[in-house]
Structure formats: structure tokens, C-alpha cells
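Each chain, letter by letter, is given below.
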Amino acid sequence: MSTFAPSEPAASSGWARTWAGRRRWPLVSIAGGVLAAGLVLLPLVFLIDQALQPSWGEIERLLLRHKTAVLLWNTVRLAFACTILCAAIGVAAAWCVERTTLPGRRWWAVALVLPLGIPDFVVGFGWVSLEPGLHGYLAAVLIMTLSLYPLVYLPVAAALGGIDPALEEVGRSLGLDPWRAFWRVTLRQIAPAVLGGCLLVTLGLLAEYGAFEIVQYQTFTVAIFTEFNLGFDTAAACALSLVLVLLSVAVLGGELALSGRGRSLRSGAGARRPAPRVSLGRWKAPALVGLIALSGLGLGVPIGSLVYWLVRGGSTTLPPASILTDTWHTAELSAAAAALATALAVPVTALAVRHRNRVTLLIERLAYLPQALPGLVIALGLVSFSVRYALPLYQSSLELIVAYAILFLPLAVVGVRSAMAQTSSSLEEAGRSLGRRPVVVWWRVTLPLLAPGLGAAFALVFISAATELTATLLLHPTGVNTLATQFWAYTSGFSYGAAAPYAALMVAISAVPAYLLSRRMLTLARMGQR
Amino acid sequence: MPKRKTLAALSLLILLAAATALTACGGTSSSSSDSTNTITLYNGQHEQTTAKLVAGFEKQTQIKVKVRSDDEDVLGNQILQEGSSSPADVFYTENTPVLEDLQEKGLLAPIAASTLAAVPAKYSSPQGDWVGVSARVSVLVYNTSQIKPSELPSSILELAQPKWKGKVGFAPSETDFQPLVTAITKLDGVAAAEKWLKGLQANSMVYPDNETVVAQVNNGESTVGIINHYYWYRLRDEVGTSGMHSALHYYAPHDPGYLLNVSGAAVLKSSSKQAAAQKFVAFIVSKAGQEILAHSHSYEYPIGSGVLTAQPLKPFDQLQLAPVTIADLGNGHAPLELEQKLGLL
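Just so it is clear, the structure is predicted and the values come from calculations on it, not from any experiment.

Conventions we followed
Residues numbered from 1 in each chain as written. Chains lettered and ligands numbered in written order. Predicted model: local features only at pLDDT ≥ 70, side-chain atom pairs only at ≥ 80, totals over all residues. Helix = DSSP H or I, 4+ residues; strand = E, 2+ residues; numbered from the N terminus. Rg over C-alpha atoms; globule rule 2.2 N^0.38 Å. Contact = placed C-beta atoms within 7 Å. Buried ≥ 20, exposed ≤ 12 C-beta atoms within 10 Å, placed from the backbone. Core = buried A, V, L, I, M, F, W, Y, C linked by C-beta atoms within 7 Å. Domains from an automatic or database assignment. Axes fitted to C-alpha atoms, helices over the stretch in contact; angles between N-to-C directions. Parallel < 35°, antiparallel > 145°, perpendicular 65-115°, else oblique. Left-handed = near helix turned anticlockwise from the far one by under 90°. Nonpolar A, V, L, I, M, F, W, Y, C, P; charged D, E, K, R; others polar. Right-handed = clockwise from strand over helix to strand, strands pointing away. Pairing = 2+ DSSP bridges. pLDDT = per-residue confidence, 0-100. Expected span 1.5 Å × (residues − 1).

> Which parts of the structure should I look at to understand the overall build of chain A?
Helix and strand counts for chain A stand at 24 helices and zero strands. Taken over C-alpha atoms, the radius of gyration comes to 23 Å for chain A, in line with the 24 Å a tight globule of 530 residues would show. In terms of principal-axis extent, the alpha carbons of chain A reach across some 60 × 55 × 50 Å. At a minimum sequence separation of 6, the contacts of chain A that also span at least 24 residues come to 86%.

Structure representation (C-alpha cells):
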């Protein structure tokens, strides 16, 4: 199939032999990439510094026991099963929404993203109310898959919106049936998005505490949190977190080997043309039933529990007026973090895709690491850094935004990556050869091509930041509350009825970027049809 | 060109969001923090109760209190990282081991003698760097439709027997659980504690927190659960009496399970507002502060200035507690290591 994934003439050789104006861009990219890498390294340096402190005896005591093996095995098999399921569900759902004439596509485009915006606690409460006996491996697989598949769905939907249908048509003209054409052509074109999404799910589950909170399924993170919570031993907790770093290095290497060297370039030099939508025919009903079941379980159960609290909770009152301020804080912090993370992801992916070499690849791989670390490690790393070197910034909005950007940089990178792989630098070169300055070319050629990916990145980070709790509690400016912190304050005191409006608003503001994104992708498709 | 317009609009939107957030941080980055009339409280206690204490204190003293709430263990870790730069002036917790740990590391300032005197000495730090504020008692919650009161154990140690298999819920990762292990170790020896933990491990469902334990006993997923009394009262506030299918059971007098857990407060050594911080701690153990606790829906027992709870709890002087002291509880590392050795955590 190498014809469908033409390998670009070695990108690195392009550095030297291009126009004088071009050089400036790699420089900007390099600066951006180095900044991103530096930010990711901040918590990592803290982690390693702390991890070197406890004695070997302590680490040995914690690591060389039977429980560690059990916890690691629990973690690995959960990550494995969930990743495969998320990949299947995410790709199938994205294909239905982006490439078929399925009824209610606009609605689905938003609803399928929302499970990401629901706090673990609400999900857990919904399931426990529905089925108190739900726990163990299969329960964890089911529930984690239902909350994490949007990490695959969103990048894949963006990638499907941006692929060049010409390659599929070539496949079909060579005699492939639609299914084979999807399997052998389309899937290869969206592979960076699928693999990226899977990477987020796998790495995320390594550091996931939600499985324990929701269905009492213990993973390795439980051991780390024990050291933090009961031992007040940050050093030992960090030493244990290094195990997660090692696991994620293996995962990141594996993904690199899988993704290979192929690039999903567009075939022609023409303007973007939307892929034609397929009529589902007799598969329409099963597809709809599947999506309804998916949303019913992933969205319906938790929202059902919110409604139950509002109706039945003894603490239900009219929310205080401050809920509006809290919503505004959440929205602006999340938007700023999403903008920053997306902006950092562009140079990181541009370097890794266009100027692939050991250093740029290392920067890109490094950018994924925060996904595999407990948020508490990253947040404490920032506490430790800022009290030493940037005290005026400590517990400021800016620091919190930077913390979010570090935590969710992996999501942004995955969002942008496949869009970057889909753009051909030959279009930019054409722009420059017509005498346009690089800035203009970037603004008028590159940015529109990247737009679906940037939108996906922005939405992923925004939604994740809007529900983030751990780093928010450590780093928020005293007196500035978010929906997540208020929700936590009420639920930790059993005031579920009073907490419910905060969770409902979290879901509601998560719908905004999802809605804008779906609007934008549909608009793009319409424009292309003219 | 509609394409460019949409794009320009999108970029503008993002820039706008970034700009407002950045201006916001100029506005919110605590310009008033240097004022001597404002202190910062790191709060690991029930937030609504703390808010009432703070309101009472601000009214009485004109000193403003900025509150940061989080789990006490996270706040403890945060204070350790902050070291001498900590913005915190006062630290208020649900349990004592985290305060003991900070005291051992020399991060706390001595509490004023008059403040310590307001609370019976046995509820405060023997070294005097933190003071006890309120207390709650360890009990067994049971599902009333699954088990009769006469079948309930008189000792927490019985929960390790085979007849309780599959019936016990508990949360070993909560700070409330370690003191029980310490108490059994103290009263019956480390071998008994180890045996008990092993039996409990075979019999029980492990839940992430005490809120889940009481909720799961209430809905019948577990028959009995190891909790502190106030979780049950708080659940009842939320679901109403009609939603309660559980009740509390007290162990036999002086059983190691019949344990008092104390909540405490401390002033940080790094605080530059020692006087105001000491005033706050003095207030919460004073009659006025303890009255606020006595009427609050946190359902804790006040322990200072002779104030009694106004809530319909078992009267404090009727509790027949295990003979375990604060000093015995220490920083909680020993029971933790035992639990880890047995693979509970």
C-alpha cells in the first residue's frame, strides 16, 4: 500500500535547500518546541529529584511485594482492553458522524464528546445507584471505556473531516469494495489520529485513579496515592511514579514502531474537497441503536444521577449567585489553557512531522508524558518550582493556566498531529513561490489546513481543563473558585443536591467547544462543495 | 471569503479568551495578601463548617481569612513542598497524624498556652504545636434490613472471623482507618493487628472513601461498614430519614474499635502573621467557636471550652472509648507499613 502513503522526500534535507524566508519558520517552531519540552520537563525534573531521595530499602519495600505485581497486572490489562474498545468505538462513531448520512449528525457530534466533561465522581455515583454491585475488572473496562472513548473519537472525527477522498476513490476504482477501501485506504489515512487517541487512552489509564473511585478497581496509581495520602511521603510516591514513566516509555516506543514512517499526504495539489457521505442503508438502524446505547450509558447514566440528586437531595437549593462567577472563571481558565496548549502543540507536531529527526521526535514523545503521570505529581512539581524560582507567580491564574497546558499538552498534540500529517508542505512552498511572506502563507495556507485539528485540540483541552480538580485545588488563586472545586467542596460533605448544578454546568460548558467544532467542520464541508 | 472570516473569528475568540484570562490573573493575584489584617487558612476540614467558623472570627476580630480547601493529606504535602515560603498561616485538619508529621519536621509554631488550656490536654499535641478542635468516634454502620442488632459484633476484632465473609465494607486508604490499626496494635499487640487485617482483607469490600462505605451499606451492597459516626448523620441529612436503611452500632466499652479521632489546628512557623494566626486558632477553641461547631451539620463533638454538642448524638460523656492517646496514634506510618506489607494498600 505504499502508493497510498507516499513517503515525502526526506523532510530533513528540506532545511538546507529552501528559500531564505523558510528558515525563519523552523526557528519559530524550534523555539516553540523547546518551550513545550521545557514546560513538560519541569514536573519531570521534580519527579526525578524527589525519586532519588528515599532510600533503596524503602523503594524495595514498596516495589518488591506481591501487591505491586497485582496492581501492575490490573493496570496493564485494563489499559489494554480499554484501548482496543475505545479505538473500535471511537473510529466507528466518528465514521458514522463524519462520513455517513446518519440522521441527527449535529447532535451526535456534540453528544459523543460530552462524556469527557463529566467528573469521575458523577459517573461513579450514577453507576453505583443503578447497580450497587458493579465492581471488578469487567466493570472497570466498561466504565472507563465509556468515559475515555472521546479521546479517540474527537481526533479521528477531525481527521476524517480533513482527508482527501481521492485516495479512496482510487482504491475503489482499483476494485476494492467499500469495506476494504475503508480498511486499506481510509484507515491508513487516519492512522495518526487513531494511534494518537489510543496513546492518550493507554497513557491516561496508567495514571488513572477514576477506576478505583468509580468501581473499586485498584490500579498502580492506588499505591502512589497511598504514599501521598497516608505516608505524606512525596519522595516515595515519586519513586513509584517512575514506574509509570517506564511503562509509558514502552508504550510511546511501541506507538512509534506502529505508526511507522508512512505519511498521510493528500494526493493532489487542489483545494480541499469534502469526502462524499455514504448512505448507511440497512445499517442505519443498528448504527443508531449503537450510538444511542453508547450515549445512554456514557452520558445518560451520569446525567440521570445528577437529575436524581436535584430532585431528591436534601441539600438542593437555588445555587448561590457565585455560581455564575465560578462558571466564568472555569470558562476563561480553560479557554486560555486550551489556547496555550494548542499553540504549543503546533510547533511540537510541525517539527515531528515536517522535520523528523531524533531531537524533534524526542520532543514530541516527551510531550506525551504528562498524560501518564498523576496530576498530583505534576501539580506538586509546579508548587516546588514556583516557590523556589517564581514566588510571585505561585497560586496565580497564570500558573494554573500553565499547569493545565502541561497536563493536557498530550491531548493537544494528538489533536494537531493528524491534521499536520495531512497538510503538504508543497502547498506552502507554492504560496511562497508566489512571493508571499511566510507569515502570510502560514496564515492563509497552513492555518486553514490545520483548522480541524486545532479545533479538536482546543476542544479536548478545554473540556479536560474545565473538569480538572487536583491541580486546580493546589494552584488556584485563593478566592478564585471553579465549578470543579465547588462541586468537590459540596460532594465531600455529602451535599449532592447542592453540588449537582455545578456538575451540570461543567457538562454544559463542555458542550460549547464541542458544538463550535462540529459547526466548523460542517461549514468547511459545505464550503468545499461550492 | 467566508473561510477566512470563520478562521479570523475563531482566532479572535481564542485571543480574547487568553487576554481576559491574563488580565484576570493581574486582578486576582492577591494584591491584599501582604496586608497584616488578612490571614490564609489551609483547610482540610468540612468546608461548610469552616466557612461558619471563619465568618464568626471575621466578625469578632475584623481580621480577614482567605480559605484554601483540599484534602488534608494533599495540603500536608503542599506545605512540605512550600517550606518556608508557604502562604499558609493556619492549617486546620480532620485528623492528627498529618499535624504530627509536620510537627516532627519542625514546620509548626507552638500554640499559645491560653489556647491549649481551652481543650483537655489529652486531645492536643503533647509537644504543644497543635491543638485539638473537635472529635468524632469510630463506629460500625449496619444495614437494618440485612442484620439484626443482636447479631452485631461487640468488638471490631470479630469482623475478621469467617462468618463475616463478604459482608464488611471499609476504606483502608482513608486517614480515618490507620488509627484503628494503631489502637489494636497498642491494646492487643502487633500480631493481633496483623491477624485482624488478614481476616478483614478476606472478608471485605475495599471502597475508596468513607462516603462510599456508608452509602454502600445503606443501599445493601455491604452489610456492615467501618466508619466514623458523622458520615452516617451527613448521609441522613442528604437522603432524608426515609432514605436511610442503616443504623449505627457502638462497640463494647473500651474496645479498640471504639476510638476517638480528633481534628486539630496549627499555626505555621513560616507565617509572618503569628499574632493573627494565633488569634484564629484561639477563636475556634473558644466558647464562641465551639458553639458554632456544636450547632453545625458536620456532626462532630466540640471538645473545648466545656461546650456540648447541640445535635442529637450519643452524649460525649457517655462514650466509652478505647484507652489510646494522641501520642499513641503518632504520625500513622507504622500501621501504614503493616497494611502495605499485607497488600491491603
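Let us keep going from here.
> Help me understand the environment of Thr61(B) in this model?
Residues and elements named next belong to chain B. Counting through the fold element by element, Thr61 comes out in helix H2 (residues 47–61). The exposure class assigned to Thr61 is partly exposed, which follows from the 15 C-beta atoms found within 10 Å. For the pair Thr61 and Phe283, spaced 222 residues apart in sequence, the C-alpha to C-alpha distance is 9.4 Å.

> What am I meant to see in the nonpolar core here?
For soluble globular proteins, nonpolar side chains are generally found buried alongside one another. Ala337(A), Ala405(A), Leu409(A), Ala412(A) and Val461(A) are the most contacted members of the largest nonpolar core, which totals 276 residues. The leading source of residues in this core is helix H19 (residues 397–422) of chain A, at 19 residues. When residues of this core are assigned to domains, at least three map to each of domain 1 (38–134 + 262–314) and domain 2 (136–259 + 332–341) of chain B. Ignoring anything within four residues of it in the chain, the contact list for Ala405(A) reads Leu39(A), Ala337(A), Leu340(A), Ala341(A) and Leu344(A).

> Explain the packing of helix H18 (residues 375–389) of chain A against H19(A) here, please?
Any two packed helices are characterised by how steeply their axes cross, that is the angle between the axes, and by the distance between the axes. All names here are of chain A. With their axes 11 Å apart at the nearest point, H18 and H19 run at an angle of 140° to one another. In terms of orientation, H18 lies oblique with respect to H19. Note that H18 runs across H19; the crossing there is right-handed. Two secondary-structure elements touch here, H18 through Gly375, Ile378, Ala379, Leu382 and Ser386 and H19 through Glu399, Ala403, Ile406 and Leu407. Its residues assigned to classes, the contact of H18 with H19 shows six nonpolar, two polar and one charged.

> Would you take a moment to explain the domain arrangement of chain B for this structure?
Quoted interface sizes are often the accessible area lost when the parts come together. All names here are of chain B. What the domain assignment reports for chain B is domain 1 (38–134 + 262–314) and domain 2 (136–259 + 332–341). The distance between the C-alpha centroids of domain 1 and domain 2 comes to 27 Å. For the side of domain 1 that touches domain 2, a count of residues per class yields three nonpolar, three polar and three charged.

> Hey, could you run me through the pairing of strand E1 (residues 38–43) of chain B in this one?
Each regular strand shows side chains that alternate between the opposite faces of the sheet. Residues and elements named next belong to chain B. Counting buried residues along E1, five of its six residues qualify, which places the element largely inside the surrounding structure. On the question of chirality, the crossover connecting E1 to the parallel strand E2 (residues 64–69) by way of H2 is right-handed. Looking at chain direction, E1 and strand E3 (residues 90–93) are connected through three bridges and run parallel. Across the sheet, residue Tyr42 finds its bridge partner in E3, namely Phe91.

> Even after reading the chapter, I still don't get the packing of H2(B) against helix H10 (residues 274–285) of chain B, so can you show me in this structure?
Residue and element names in this part refer to chain B. Across the interface, H2 lies against H10 with an axial gap of 10 Å and an inter-helix angle of 115°. In this structure, the crossing between H2 and H10 has a hand that is right-handed. On the side of H2, the interface is formed by Leu53, Phe57, Gln60 and Thr61, while H10 contributes Lys279, Phe280, Phe283 and Ile284. Class assignment for the residues of the contact of H2 with H10 results in five nonpolar, two polar and one charged.

> For this particular structure, what's the right way to read unusual backbone geometry?
A positive phi is found at Gln216(A), a non-glycine position, where the angle reads about 60°. One can find Gln216(A) in the loop between helix H12 (210–215) and helix H13 (220–229). Backbone geometry places His254(B), a non-glycine residue, at a positive phi of 65°. Its place among the elements puts His254(B) in the loop between strand E9 (246–249) and strand E10 (260–268).

> Just checking my understanding: could you explain the confidence of the model for chain B for this structure?
Do not read the predicted coordinates in detail wherever pLDDT is low. In the predicted model, chain B carries a mean pLDDT of 90, and 90% of its residues have values of at least 70. In this model residues 25–33 of chain B is a low-confidence stretch, pLDDT under 50, and it forms 12 contacts with partners more than four residues away in sequence or in other chains.

> I tried to follow the environment of Glu174(B) on my own but got confused; where do I start?
Residue and element names in this part refer to chain B. By secondary structure assignment, the location of Glu174 is in the loop between strand E6 (168–170) and helix H6 (178–188). Of the residues examined, Glu174 has 24 C-beta atoms within 10 Å and is grouped as buried. A C-alpha to C-alpha distance of 25 Å links Glu174 and Gln311, two positions 137 residues apart in sequence. When neighbours within four sequence positions are excluded, Glu174 is seen to be in contact with Asp209 and Asn210.

> Can you walk me through helix H8 (residues 210–218) of chain B in this structure?
Working note: α-helix, 3.6 residues per turn, so residues spaced by three or four point in the same direction. Residues and elements named next belong to chain B. Burial runs high along H8: nine of the nine residues are buried. What H8 keeps buried is the set Asn210, Glu211, Thr212, Val213, Val214, Ala215, Gln216, Val217 and Asn218. For H8, the elements touching its buried residues are strand E5 (130–143), E6, strand E8 (224–228), helix H9 (229–239) and E9. Just downstream of H8, Gly220 is the residue with a positive phi angle, here 90°.

> It is not clear to me how the confidence of the model for chain A should be interpreted in this structure. Could you clarify?
Of the residues in chain A, 91% reach a pLDDT of 70 or more, and the chain-wide mean stands at 86. Within the model, pLDDT remains below 50 along residues 1–24 of chain A, and this stretch shows 30 contacts once partners closer than five positions in the same chain are excluded.

> Just to check I follow, could you spell out the environment of Gly253(A) for this structure?
Tracing the backbone shows Gly253(A) in helix H14 (residues 234–259). Along the chain, Gly253(A) and Arg365(A) lie 112 residues apart, while their C-alpha atoms are 8.6 Å from each other.

> Can you help me understand H18(A) in this one?
Residue and element names in this part refer to chain A. The end-to-end C-alpha distance of H18 is 21 Å, a good match for the 21 Å that 15 residues give at a rise of 1.5 Å each. Counting buried positions over the 15 residues of H18 gives 12, a clear majority of the element. Of the positions making up H18, those classed as buried are Gly375, Leu376, Val377, Ile378, Ala379, Leu380, Gly381, Leu382, Val383, Ser384, Ser386 and Val387.

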